[in-house]
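# Inside the fold
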Amino acid sequence: MKIGSHQLPTRTLLLAGVDTAAITLALMAATAVRLPGSGPKMLLDSGWWLRIAVITAVCWLSLYFNDLYDFHVVRRRAILLVHLMQALGVGCVALALTYFLVPQVSLGRGIALIAVPLIFFLLTSWRLSANMTRLLARGDDRVLVLGTGEAGISLVRHILQHPEYNLKVIGFLDEKGQDIGKSLVNPKIVGAAADVEEIAAREKIDHVILSLKERRGGTPVRELLNLKFAGVGVEDVHSCFERLTGRIRLEHLSPSWLILSDGFKKSRILLGVKRATDVIISSVILLLVCPLLPLIALAIYVESGAPILFHQNRIGYRGREFELLKFRSMVQDAEKNGPQWATRKDSRITRVGGFLRKTRLDEIPQLFNVLRGEMSLVGPRPERPYFCTMLAEQIPFFNLRHSVRPGLTGWAQVKFRYGASLDDAKEKLELDLFYVKNLSITVDFAILFETAKVVLLSRGAY
């Protein structure tokens, strides 16, 4: 059993399934009240089920975009109620627009007036009941850290700061059996590494995390094999951190872990499908936003004159330079004093540029970079040559991000803010390496979905 990673998807699927059932039940009840005696006929009508599917899909998307599947956001009852009301409000507006464009999928105003309060009541009731009865909660998994390496101590600090992981660290095992009883973070050293099998059985341990200062000759291989075959999870500290946080922690990371770790495999079929997806989606988006392009150009020109487009050299796939295109969002000669990172409330950003950045409309011209094959829709954001040289000198493994095409959006963009310092660049690289390691079409679509949420709710932009 993998710790951390399996919990959130399982609970999210459970929530989505029950939400779908609640919405369908409310619609069936509303139809039965509005049209008495229509039950049997309704159940056999494929057109009716199509209308139900449209409403359910719109409601589910509205719940998703209002963070109703983010357990960090909707922990408290008041916040849950506010987000539910927002979600249903957005859903009603979206359905009204859908019915205006496609009247055939409407169930009718009478049914809608009955269904909306029913949906709100059912969703609120079951969510509150689940919270009160701790239906979605689970017992803490008991964790033992084998070794006293700094990476393990850092991991335990992180676990202690995040109770939502449902992990209880029982303690550390010292490589040489010394300092037993000494506290390293909060859990203390409870025994020797050689006694891992005995201690794991006594403490009913679910997972053993390896964080040895020196593995050569110090790893209790036979005992760990026995635990593994007994059903106890055994995992390297870096793999555990990756699974819990969605990033590859650079601190104390060794090249051997990157070499031996699963992932980083990119088949020709995967890259071919990814490229085809880039071309298709980019073309569709360009067709949809075409009417906006002259309006954006005019707004930029009226405020600050020409040029409309901003051209800048960036480092792309395998370290090759290319010219990135953006709508200009800063004053002319914004970098006359040399390259510098954009910061919050940057005085160089124009009023139109601030709006374009907030809505991400300044990124539209990069779709042409995607079509030309210089970029992908999803990948690490391309950096300028100056910053790449500087960061490669100060951050280990920085150039590994160039093993895939840079992206219009990426894992770091939906999980982190704009970078404006060396520390920010390190954190973003940890996220970028996680993406490179776990690259797949499924991950790409998940990131595009999250990007849509970020853009629609104006999050994460300066």
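Residues numbered from 1 in each chain as written. Predicted model: local features only at pLDDT ≥ 70, side-chain atom pairs only at ≥ 80, totals over all residues. Heavy atoms only, no water.

### Quick word on the packing of helix α11 (residues 268-289) against helix α18 (residues 441-456)
The geometry of a pair of packed helices is captured by two quantities: the angle between their axes and the separation between those axes. This is how it is decided: Geometry is summarised by axes, namely lines fitted to C-alpha atoms with helices restricted to the contacting stretch, and by angles between N-to-C directions that run from 0 to 180 degrees. Secondary structure follows DSSP: runs of H or I at least 4 residues long count as helices, runs of E at least 2 residues long count as strands, and numbering of each begins at the N terminus. In what follows, roughly perpendicular refers to angles from 65 to 115 degrees, roughly parallel to angles under 35, roughly antiparallel to angles over 145, and oblique to any angle outside these ranges. Contacts: residue pairs with any heavy atoms within 4.5 Å of one another. Charged residues are taken to be Asp, Glu, Lys and Arg, nonpolar residues to be Ala, Val, Leu, Ile, Met, Phe, Trp, Tyr, Cys and Pro, and polar residues to be all remaining types, Gly included.
In the contact formed by α11 and α18, the axes pass within 10 Å of each other and the chain directions differ by 30 degrees. With respect to α18, the axis of α11 lies roughly parallel. Packed against α11, whose contacting residues are L270, V273, K274, T277 and I281, the element α18 presents I441, D444, F445 and L448 at the interface. Considered class by class, the residues forming the contact of α11 with α18 number six nonpolar, one polar and two charged.

### Re the pairing of strand β6 (residues 309-315)
To keep it simple, the criterion reads: By this definition, two strands are paired if DSSP reports at least two bridges between them.
The pairing of β6 with strand β7 (residues 321-327) spans seven bridges and is antiparallel. Considered in β7, the bridge of I315 is made with E321. As consecutive antiparallel partners, β6 and β7 are separated by five residues, and within that stretch R318 has a phi angle of approximately 55 degrees, a positive value.

### Points about the nonpolar core
We count it as follows: Here, nonpolar core refers to any group of buried Ala, Val, Leu, Ile, Met, Phe, Trp, Tyr and Cys residues whose side-chain atoms link them within 4.5 Å. Each residue's exposure class comes from its accessible area (1.4 Å probe, protein chains only) as a fraction of the maximum for that residue type: buried when under 20%, exposed when over 50%, partly exposed otherwise.
I296, L356, I364, I395 and W411 are the most contacted members of the largest nonpolar core, which totals 43 residues. Per-element tally for this core: the top contributor is helix α17 (residues 422-437), with seven residues. When sequence neighbours within four positions are dropped, the list of residues in contact with I395 reads L250, L422, A425, K426 and L429. Of all hydrophobic cores here, the second largest spans 32 residues; its members include W48, I55, Y64 and L68.

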